[in-house]
Amino acid sequence: MAQKHAKPNLSPSQAEDVVKRLFRLTASEIRSMPSYDDQNLYVAVVEGGEYVLKIMNSEDSKNQTLIEVQTIAMSWLHQNGLPAQTALPTTSGQLMSLEEMDCGYGCQKYLVRLLTYLPGTTISKAPLTPQLLYETGKTAARMDQILQELQHPHLSVLQREKFIWSLSSIPLLEEYLNVFDGDPLQEVVKDVIHQYKTTVIPKRCNFRKCINHGDFNDLNILVQPDETDSYRISGILDFGDMNTGFYIHELAINIMYMMTEHPEPIEVGGPVLAGWESVIPLNEAERDCLYLLVLSRFCQSLTLSRYTVKLHPENAQYLMITSKRGVHIFRHLWELGKEKVEKLWFQSAAQFSHRNLIACCFHSAIMPKKHAKPNFSPSQAEDVVKRLFRLTASEIRSLPSYGDQNLYVAVVEGGEYVLKIMDSEESKNQTLIEVQTIAMSWLHQNGLPAQTALPTTSGQLMSLEEMDCGYGCQKYLVRLLTYLPGTTISKAPLTPQLLYETGKTAARMDQILQELQHPHLSVLQREKFIWSLSSIPLLEEYLNVFDGDLLQEVVKDVIHQYKTTVIPKRCNFRKCINHGDFNDLNILVQPDETDGYRISGILDFGDMNTGYYIHELAINIMHMMTEHPEPIEVGGPVLAGWESVIPLNEAERDCLYLLVLSRFCQLLVLSRYTVKLHPENAEYLMITSKRGIHTLRHLWELGKEKVEKLWFQSAAQFSHRK
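Residues numbered from 1 in each chain as written. Predicted model: local features only at pLDDT ≥ 70, side-chain atom pairs only at ≥ 80, totals over all residues. Heavy atoms only, no water.

> Would you mind going over the overall build of the chain with me for this structure?
Scanning the chain from N- to C-terminus turns up 20 helices and 20 strands. For 722 residues, the compact-globule estimate of 2.2 N^0.38 gives 27 Å, and the C-alpha radius of gyration of the chain, at 29 Å, lies within 12% of that figure. A principal-axis box enclosing the C-alpha atoms of the chain has dimensions of 95 × 60 × 45 Å. The burial tally for the chain puts 56% of its 722 residues in the buried class. Within the chain, contacts between residues at least 6 apart in sequence are counted, and of these 75% link residues at least 24 apart. Counting only carbon and sulfur atoms, one obtains 49% of the accessible surface of the chain, whose full area is about 30,200 Å². (Helix = DSSP H or I, 4+ residues; strand = E, 2+ residues; numbered from the N terminus. Rg over C-alpha atoms; globule rule 2.2 N^0.38 Å. Buried < 20%, exposed > 50% of the residue type's maximum accessible area, 1.4 Å probe, protein only. Contact = heavy atoms within 4.5 Å. Areas by Shrake-Rupley, 256 points an atom, 1.4 Å probe, with all protein chains shown as cover.)

Here is the structure:
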């Protein structure tokens, strides 16, 4: 907390002198701007340009290293596309200067920076539409993601364990409760602190750590009108509260402050949460503590603003803005209770995501963008192999792929590999690709035929390469994977025994994946991932790809049945990590000694996600059906193989038929959509789709009862013979 007389109060003439002496600029206009502990002055200069002269309070000015890290962080966000300020260097090349000045209560030292002035008005003055709230949540999450990648030798200064404005410091508020002077609100604040200590602290071990802005509030977000007569975020201000915290803290802070600006405060949580989860889905512990963390931020604001007013009564109007509005909201939020508020927020977020996220962000966040797919030339691929792996390619040829690029590479030194280049959208999520790569290695260690990644010369499993594939420089993640022998199962005769082996292998694979250990497994919680069998309702937004085809009505019926039958039973499905695309082109086979075939390879872990065992089985059955002359007969032996490892429970058995149909719907809808983006790859993209149309119609017409009877009886007979 700022001490009495710590806040600077430079006069216009002092500010003018600082700007002239440190930056060799002549001020043409200087005016005061709102601030909490520091002093902010708008400065226009004769030479052209607008700035903010930011003078830190004398207490914070003692920690130059912390201010330096905050300043570097602002520049890092700016470099990564977020609208943060940057610092103008002084004439000596420094980002700040420690100035000794007398502001009316003796000489003190103040850190001074000249920051770029960002256009716009504070979000507190704009209409808080659901879309703008969604954007604040999304921006907050993206900001913390970028900050987590920040490199600096002194990042440890952000570990501010007793920093009173950190949401980790709620118990410290007990020392300030006397500021309420007998106000009944004091008892509510005490209750929240108690709940924090007994509920939040025990669950913090499950929160994901990051670097927080720490004060992403209604006065620190600037907006400007956009071309649709709405508003877009044009500025992020005030990094003075940056600290090492948790992702969930940033979200709670953002929700709390947006509530203070909205005519219906409780309605704020849903769209902000939807925006946040479009970037970083919450885990179970984070979801369970969100309500209490929002209340805790209200407690911080109400308590510490009253305390600071006692130190700076002359600035009471600014200091008490949020506090005055917050009292009634805080009481109402507390009286409604956790259950009601959470239900409203999470249901609203789900509905908003369904209506808005898919319509507005789906193309860029989930499906491959036009030109996102790489197209390395042979010479570019040869150079990458030489430079990253010190290997000389003797042969390079293209392999089939969906959104990425796969190249077969034989090398002079001996060995065969697959150079896998991720599309530019997927390449932005290095952590996800890392987990997928580790999972492949884990399966290989446990006896399943998965690829492994050859480390680069620097010991990394992948490298982010900036290349021009014909439509400008983009960044692509590159891996060199072991080449697995065999042919795709689509080219082998699908005997009952081979189908049995695919089911058995799929179940064993999910069993092994469930034992995988990695600090970032949470990236597999891809709740809005369109290829997850949990995302079937999202397909409704893409039914126009059928262009009047009668198949559209069948797909609509399946989606409806999914929502009314599968979703209510999901609570009884057993969770696991899914490969997610165990299909006829991702399974390799080789002839065995009995003139049959054995599985020799499992490919393409790009659709890995946290799902359910029954999802993997349904996906496997559906894709095997597209390769068999009698598709309906596939289910029995695949099911028998699966249940030799993992027997289904009642809910899973009851939903299997509908989940197989649902996978057909995903394939038919999304393959048609992707062909519109990549018509040059239509032959590969539509292989399974073309074969699947007739199978889907036949499966649907037969109905659940007949198909299930056939599958389960056939599985039992096959198991008995085995």
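> It is not clear to me how the pattern of salt bridges should be interpreted in this structure. Could you clarify?
Think of it this way: side chains of opposite charge can pair up when their charged atoms draw near. Tallying each qualifying case throughout the model produces 28 salt bridges. With its nearest N and O atoms 2.7 Å apart, the salt bridge here joins Arg21 to Glu99. Taken together, the residues Arg21 in helix α1 (residues 12-23) and Glu99 in strand β4 (residues 97-102) connect sequence positions 78 residues apart. The salt bridge partner of Asp183 is Arg331, with a shortest N-O separation of 3.9 Å. One end of the pair, Asp183, is in the loop between α3 (130-147) and α4 (185-200); the other, Arg331, is in helix α9 (residues 321-336), and 148 residues separate them in sequence. The class for Arg331 is partly exposed, based on a relative accessible area of 28%. Through salt bridges with shared partners, one network takes in Lys203, Asp288, Lys338 and Glu342. (Salt bridge = Lys/Arg side-chain N within 4 Å of Asp/Glu carboxyl O.)

> Looking at this structure, how should I read the environment of Val385?
Examined against the element boundaries, Val385 turns out to sit in helix α11 (residues 378-389). Spatially, the C-alpha atoms of Val385 and Leu480 are 8.0 Å apart, while their sequence positions differ by 95 residues. Sequence-distant contacts of Val385, that is, excluding residues within four places in its chain, are made with Arg390, Leu391, Val409 and Leu419.

> Which parts of the structure should I look at to understand the sheet that holds strand β16 (residues 487-488)?
Whenever strands of a sheet pair, they do so through backbone hydrogen bonds, lying parallel or antiparallel. Overall, antiparallel pairing links the three strands, which are arranged β16-β18-β19 in an open sheet. Two strands bound the open sheet, and with one partner strand each, they are β16 and β19 (597-602). Bridging between strand β18 (residues 587-591) and β19 involves five bridges; their strand directions are antiparallel. Bridging across to β19, Val589 finds its partner in Ile599. Sheet contacts for helix α13 (residues 496-513): β18 and β19; angle to β19, the most-contacted strand, approximately 35 degrees. (Pairing = 2+ DSSP bridges. Axes fitted to C-alpha atoms, helices over the stretch in contact; angles between N-to-C directions.)

> Where do I start with the sheet that holds strand β9 (residues 231-236) in this structure?
If you trace the three strands from one edge of the open sheet to the other, you get β6-β8-β9, paired in antiparallel fashion. Each edge of the sheet is formed by a strand with only one pairing partner; in this case those strands are β6 (121-122) and β9. Examined bridge by bridge, β6 and strand β8 (residues 221-225) share two bridges and lie antiparallel to one another. Bridge assignment links Thr121 to a residue of β8, and that residue is Val223. Strands β8 and β9 of the sheet are contacted by α3, whose axis makes an angle of about 35 degrees with β9.

> Just checking my understanding: could you explain the packing of aromatic side chains for this structure?
Note on aromatic pairs: each is described by the distance of the centres and the angle between the planes. The full count for this structure, using the stated rule, is 11 aromatic pairs. Centroid distance Phe207 to Phe246: 5.6 Å. Interplanar angle 80 degrees. Geometry classified as edge-to-face. Pair noted here: Phe207 is in the loop between α4 and β7 (209-212) and Phe246 is in strand β10 (residues 243-246), with a separation of 39 residues, a long-range link. There is no split in this pair, since Phe207 and Phe246 are both buried. (Phe/Tyr/Trp six-rings, centres within 6.5 Å; stacked < 30°, edge-to-face > 60°.)

> When you look at the nonpolar core in this model, what are you seeing that I'm missing?
Soluble globular proteins: nonpolar side chains tend toward being buried together. Formed by 91 residues in total, the largest nonpolar core has its most connected members in Leu656, Val660 and Leu699. In terms of residues, this core owes the most to one element, helix α17 (residues 650-677), which gives 15 residues. Setting aside anything within four residues of it in sequence, one finds Leu699 in contact with Met625, Ile632, Tyr657, Val660, Leu661, Phe664, Val707 and Trp711. With 89 residues, the next largest nonpolar core counts Ala126, Leu150, Phe163 and Ala349 among its residues. (Core = buried A, V, L, I, M, F, W, Y, C linked by side-chain atoms within 4.5 Å.)

> Sorry, what's going on with the side chain of Asn586 here?
Take Asn586: it is sitting in the loop between β17 (575-578) and β18. What makes Asn586 buried here is its relative accessible area of 6%. For Asn586, the contacting residues outside a window of four places in its chain are His579, Asp581, Gly601, Ile602, Leu603 and Asp604.

> What's the story with α1 in this structure? I'm lost.
Spanning 12 residues, α1 covers 16 Å between terminal C-alpha atoms, matching the ideal 16 Å at 1.5 Å per step. Those residues of α1 not exposed but buried are Ala15, Val18, Val19, Leu22 and Phe23. One side of α1 carries all its buried residues, which in axial view fall inside an arc of 95 degrees. As for α1, its buried residues are in contact with β1 (27-33), β2 (39-45), β3 (50-55), β4 and β5 (107-116). Following α1 by one or two positions, Arg24 adopts a phi angle in the positive range, close to 55 degrees. (Expected span 1.5 Å × (residues − 1). Arc of directions from axis to C-beta.)

> Mind showing me how you'd approach the environment of Ser463 here?
By the secondary structure assignment, Ser463 is in strand β14 (residues 463-468). Given the relative accessible area of 14%, Ser463 is considered buried. Measuring from C-alpha to C-alpha, the distance between Ser463 and Arg479 comes to 6.9 Å, with 16 residues separating the pair along the chain. The contacts of Ser463, once residues within four sequence positions are left out, are Leu388, Thr456, Tyr476, Leu477 and Val478.

> Which parts of the structure should I look at to understand the pairing of β4?
Note on strand geometry: in a regular strand, side chains alternate between the two faces of the sheet. Because side chains alternate across β4, one face comprises the buried residues Ser97, Glu99 and Met101, and the other comprises Leu98, Glu100 and Asp102, none of which is buried. Where β4 meets β5, six bridges bridge the pair, whose relative direction is antiparallel. By the bridge assignment, Met101 is partnered in β5 with Gln108. Linkage of β4 to β5, two consecutive antiparallel strands, is achieved through a turn of four residues, within which Gly104 is found at a positive phi near 115 degrees.

> What am I meant to see in helix α6 (residues 269-277) here?
Note that an α-helix has 3.6 residues per turn; residues three or four places apart therefore point the same way. Burial runs high along α6: nine of the nine residues are buried. The set of residues buried in α6 consists of Gly269, Gly270, Pro271, Val272, Leu273, Ala274, Gly275, Trp276 and Glu277.

> Is there a simple way to think about unusual backbone geometry in this case?
Despite not being glycine, Asp238 shows a phi value in the positive range, around 60 degrees. Note on placement: Asp238 falls in the loop between β9 and β10. The backbone of Arg390 shows a phi angle near 55 degrees, a positive value even though the residue is not glycine. What makes Arg390 exposed here is its relative accessible area of 64%.

> Can you walk me through the packing of helix α12 (residues 430-445) against α13 in this structure?
Packed helices, taken two at a time, are described by their axes: the angle between them and the distance between them. Between α12 and α13, the least distance of the axes is 10 Å, while the angle of their chain directions is 115 degrees. In terms of orientation, α12 lies roughly perpendicular with respect to α13. As for how α12 packs across α13, the hand of that crossing is right-handed. Contacts between α12 and α13 involve Ala439, Trp442 and Leu443 from the first element and Met509, Ile512 and Leu513 from the second. (Parallel < 35°, antiparallel > 145°, perpendicular 65-115°, else oblique. Left-handed = near helix turned anticlockwise from the far one by under 90°.)

> Just to check I follow, could you spell out the confidence of the model for the chain for this structure?
Note that predicted coordinates carrying low pLDDT should not be read in detail. Scored by pLDDT, the chain has a mean of 89; 92% of the residues are at 70 or more. A low-confidence stretch, residues 357-371 (pLDDT under 50), is modelled with 42 contacts involving residues beyond four sequence positions or located in other chains. (pLDDT = per-residue confidence, 0-100.)

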